[in-house]
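Breakdown of the fold
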Amino acid sequence: MLLRHTPGEISERGALTVNPAKTCQPVGAMYAALGVHRCLPHSHGSQGCCAYHRSALTRHYAEPIMASTSSFTEGASVFGGQSNLLESINNIFTLYNPDIIAVNTTCLSEVIGDDLTQIIGRAAADNKIPKGKTVMFASTPSFKGSHVTGYANMLAAIVQSFAKNTGRKTDRITLLPSFIEPSDMSEIKHIVSAMGIAYIMYPDTSDVVNGPLDGTFRMYPKGGTPRALIEESGDSRCAFALGRVGTLSAAKLLDTRCKVKTEILDLPIGITATDEFVDCLRKTAGVSVPESLLLERGQFVDVLCDKNQYLYGKKVSLSGDPDILLGLARFCSDAGMKVLHVVTGTPAPGKFADRIREITGGDTLVKVGPQADLFYFHQLLQNNRPDLIFGNTYCKYIARDMDIPLIRTGFPIYDRVGHSYFPITGYRGGLHLLVKILDAIMDRQDRDAPEEKFELVM
Ligand code: SF4
């Protein structure tokens, strides 16, 4: 196997990335756009780009992902993509009738320098945008950032395009989640609903990319946040952004444009982060935590305590996206595990590394940026071997080479199902993640146990 040749000796390399721990911006932008009801993502670039973005999402969610493309050929690459986009807008509204087209740029259209504000203005002037419909865009150049940056850029563009402050404050709070699974979006809604709090959440990809198979094809599934609610979010009494990197720009915009006081929290992964989220909701809305949530919390804590001997002191290495990694670091630290490494290809603020070390107790090796690739992650693991790896499907090669169990988390996961349906956020998600970890540890213990120590009860 090729990865068996990864050397343990680490040398400096400034201009080479091998097996990046990230994917490209438009993938995240499309995912965010899918969380708006009757919104069609549109990739302004070549067909090849759009095919890749769609296939990445389709493979991860095991659902057909709808998106259109400006279909650049040689002509557009030289003269710009204006005529392609104008024709696309016309065709999309005629054939597919979305309420919103969410355009994301690509490397090619960014390098050409297409002016999307001008092109969309031209489409409106030429009456190519039907009354009541909208074309919006986010700049998503993939030669910088990652899928999380693209998600953040599209989320900010959604706020910019729709959120309105009418001056009449409502009782609702707004929730802006980072790039998380539809199952996690459902779990966050479950917590807020259980507390009896009125809310608006966007994007919301639950019931869009994890919908049921009922024999009916829907170009626009039932889920996704309606445009009217996004507009009303500008009148919310306050907002919580969950996960800093995926939401910061949108949170700032909602705060400055609409005067909605927005607080940024960690994703509620693990007991302490979920407690913090619930406590913020409780104080903001002036409500009590309901028995149903206390029960979920108690069950999670019960298993955490019952099986602590399998978790305490276990060494783990994490790779993936910053907001999820921060949550996982909190989860692992809560459980008494020792976080050796945290690696992400997504740019994250300098405070990210400090925050991780603050959570884990100081000596975690944190690497961020283009050189923080899976090749480097593999090298780190060879020099300081963990008991468990957390990461996406691409980590399976490292896990196989080093014979270390892999807990699949983050994006993309191409080789297992369940992540779209079973959360890792909240108390129920925490219990689900805990069970996955314990299964991996106990399976390994059973596999390696000598005959006389092969126990029936663990
Ligand atoms: S990295 Fe750039 S060229 Fe490649 S698929 Fe993404 S947008 Fe297209």
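This text goes with the structure placed above it.
Bear in mind the structure is a predicted one, so any value in this text is a computation, not a measurement.

1. Structural notes on the overall build of the protein
Regarding its fold elements, the protein presents 18 helices and 13 strands. For a compact globule of 458 residues, the expected C-alpha radius of gyration is about 23 Å, and the protein comes in at 23 Å, within 12% of that figure. Along the first, second and third principal axes, the C-alpha set of the protein runs to 80 × 55 × 45 Å. Relative to its 458 residues, the protein shows a buried fraction of 51%. Sequence separation of 24 or more characterises 73% of the internal contacts of the protein that already satisfy a separation of 6 or more.

2. A short note on helix α12 (residues 291-306)
Compared with an ideal rise of 1.5 Å per residue, which puts 16 residues at 22 Å, α12 spans 22 Å between its outermost C-alpha atoms and is within 8% of the ideal. By the burial criterion, the buried members of α12 are Leu293, Glu296, Arg297 and Phe300. Along the axis of α12, the buried residues cluster in a sector spanning 95°; they form a single face. In α12, the exposed positions angled more than 90 degrees off the buried face are occupied by Glu291, Ser292, Leu295, Gly298, Asp302, Cys305 and Asp306. Close packing links the buried residues of α12 with α8 (182-194), α11 (271-285) and α18 (426-448).

3. A look at the site of the ligand
All residues in the neighbourhood of the ligand are listed as Cys24, Pro26, Gly45, Cys49, Tyr52, Thr106, Cys107 and Ser142. Grouping the amino acids of the shell around the ligand by side-chain chemistry returns five nonpolar, three polar and no charged.

The rules behind the values
Counting from 1, residues in each chain are numbered in the order their sequence is written. Side-chain atom pairs in this predicted model are given and counted only at pLDDT of 80 or more, local residue features only at pLDDT of at least 70, and totals for whole chains, interfaces and linings cover all residues. Numbering of helices and strands starts at the N terminus; helices are DSSP runs of H or I of at least 4 residues and strands are runs of E of at least 2. The globule rule used here is 2.2 Å times the number of residues to the 0.38 power, and the radius of gyration it is set against is calculated over C-alpha atoms. The burial label depends on the number of other C-beta atoms within 10 Å of a residue's C-beta. Counts of 20 or more mean buried, 12 or fewer mean exposed, and intermediate counts mean partly exposed, with C-beta atoms placed from the backbone. Placing a C-beta atom from the backbone of each residue, one calls two residues in contact when those atoms lie within 7 Å. Between the first and last residue of a helix there are one fewer steps than residues, each counted as 1.5 Å, and that sum is the expected span. Starting at the helix axis, one direction is taken to each C-beta atom, and the arc is that of these directions. Any residue qualifies as near a molecule or strand once its backbone-derived C-beta atom lies within 6 Å of it. All amino acids are sorted into three groups, where Ala, Val, Leu, Ile, Met, Phe, Trp, Tyr, Cys and Pro are nonpolar, Asp, Glu, Lys and Arg are charged, and the leftover types, Gly among them, are polar.

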